Amino acid sequence: MPARERRLPRHLAWPLTATDVRACLGPLMAQVTELRFLAGPGAGTLVLRAEWIAPDPFNHGRGTHPETVGFRIDVLPVEAAGRAAARAVLQARALPQLHAWVTEALAADETWRTARHHHCWRLDGGRLTHRDEP
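The present account deals with the structure reproduced in this document.

What counts, and where the lines are drawn
- Residues numbered from 1 in each chain as written.
- Predicted model: local features only at pLDDT ≥ 70, side-chain atom pairs only at ≥ 80, totals over all residues.
- Heavy atoms only, no water.
- Helix = DSSP H or I, 4+ residues; strand = E, 2+ residues; numbered from the N terminus.
- Expected span 1.5 Å × (residues − 1).
- Bend = angle between axes of the 7 residues up to and from the residue.
- Buried < 20%, exposed > 50% of the residue type's maximum accessible area, 1.4 Å probe, protein only.
- Core = buried A, V, L, I, M, F, W, Y, C linked by side-chain atoms within 4.5 Å.
- Pairing = 2+ DSSP bridges.
- Axes fitted to C-alpha atoms, helices over the stretch in contact; angles between N-to-C directions.
- Contact = heavy atoms within 4.5 Å.
- Polar contact = N/O pair within 3.5 Å; in protein donor to acceptor, adjacent residues only side chain to side chain.
- Arc of directions from axis to C-beta.

What follows covers helix α2 (residues 83-107). Given 3.6 residues per helical turn, the α-helix brings residues three or four places apart onto the same face. Look at α2: 33 Å from first C-alpha to last across 25 residues, which is about the 36 Å you get at 1.5 Å a residue. Of all the bends in α2, the largest measures some 45 degrees and sits at Leu90. When α2 is considered as a whole, its buried residues turn out to be Ala86, Leu90, Ala94, Leu95, Leu98, Trp101, Val102 and Ala105.

Right under this line is the structure:
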């Protein structure tokens, strides 16, 4: 992210770039409706989140717009001093796991695809964990 577009305090940095995510997903990127770089106050150990936005028919003005059905990927900031280490771990392990999760989700049965799902990657002390979360 260019410095002129930086929305983070100087002590925070995003561990991945849009190019990293696009290179990882390749043609699957067509299924991603939104790639966000969150700038909030930090999410603790959470560094990457993927969400399946399920189709939800419109009913009395509520529902999911068809253009938003697909995957949303969020990259969360880390301490700037630890960015290089976090980036190395995420590129080596989290991005291949993200690719596998998106691939499995696209192959999932209709029951799975009709509900919203989240998969999160957490980095704590150099240890990467991931799991589906509510």
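The next subject is the nonpolar core. Counting residues in hydrophobic clusters, the biggest one holds 32 residues, and the most contacted among them are Leu25, Leu48, Leu98 and Trp121. Of all the secondary-structure elements, those providing two or more residues to this core are α1 (18-25), β2 (32-37), β3 (46-53), β4 (70-75), α2 and β6 (117-124). Of all the elements, α2 adds the most residues to this core, at eight residues.

Among the structural elements, Arg22 can be located in helix α1. Judged by its relative accessible area of 46%, Arg22 is partly exposed. Residues Arg22 and Leu35, 13 residues apart in the sequence, show an inter-C-alpha distance of 9.6 Å.

This part covers the sheet that holds β3. The strand order across the open sheet formed by five strands is β2-β4-β3-β6-β7, and the pairing between neighbours is mixed. Two strands bound the open sheet, and with one partner strand each, they are β2 and β7 (127-133). Taken over all neighbouring pairs, the strand axes of this sheet differ in orientation by 10 degrees on average, direction set aside. The sheet contact formed by β3 and β4 spans six bridges and is antiparallel. Counted as the bridge partner of Trp52 is Phe71 from β4. Strand contacts of α1: β2 and β4, with the helix running at about 150 degrees to β2, the strand carrying the most contacts. Sheet strands touched by α2: β3, β4, β6 and β7. Its angle to β6, the strand with the most contacts, is close to 165 degrees.

Attention shifts here to the side chain of Asp20. Here Asp20 is to be found in helix α1. Judged by its relative accessible area of 11%, Asp20 is buried. Among the polar contacts made by the side chain of Asp20, one reaches the side chain of Arg87 at a distance of 2.5 Å. Of the polar contacts made by the side chain of Asp20, one reaches the side chain of Gln91; its length is 3.2 Å. When near neighbours in sequence (up to four residues on either side) are disregarded, Asp20 contacts Arg87, Gln91 and Leu95.

Residues of α1 that are buried include every one of Ala18, Asp20, Val21, Cys24 and Leu25, and no others. The buried residues of α1 all sit within an arc of 160 degrees when viewed along its axis, so they share a single face. Across from the buried face of α1, at angles greater than 90 degrees, the exposed residues are Thr19 and Ala23. Where the residues of α1 are buried, they touch β2, β4 and α2. Gly26 sits one or two positions beyond α1 and adopts a positive phi of about 55 degrees.

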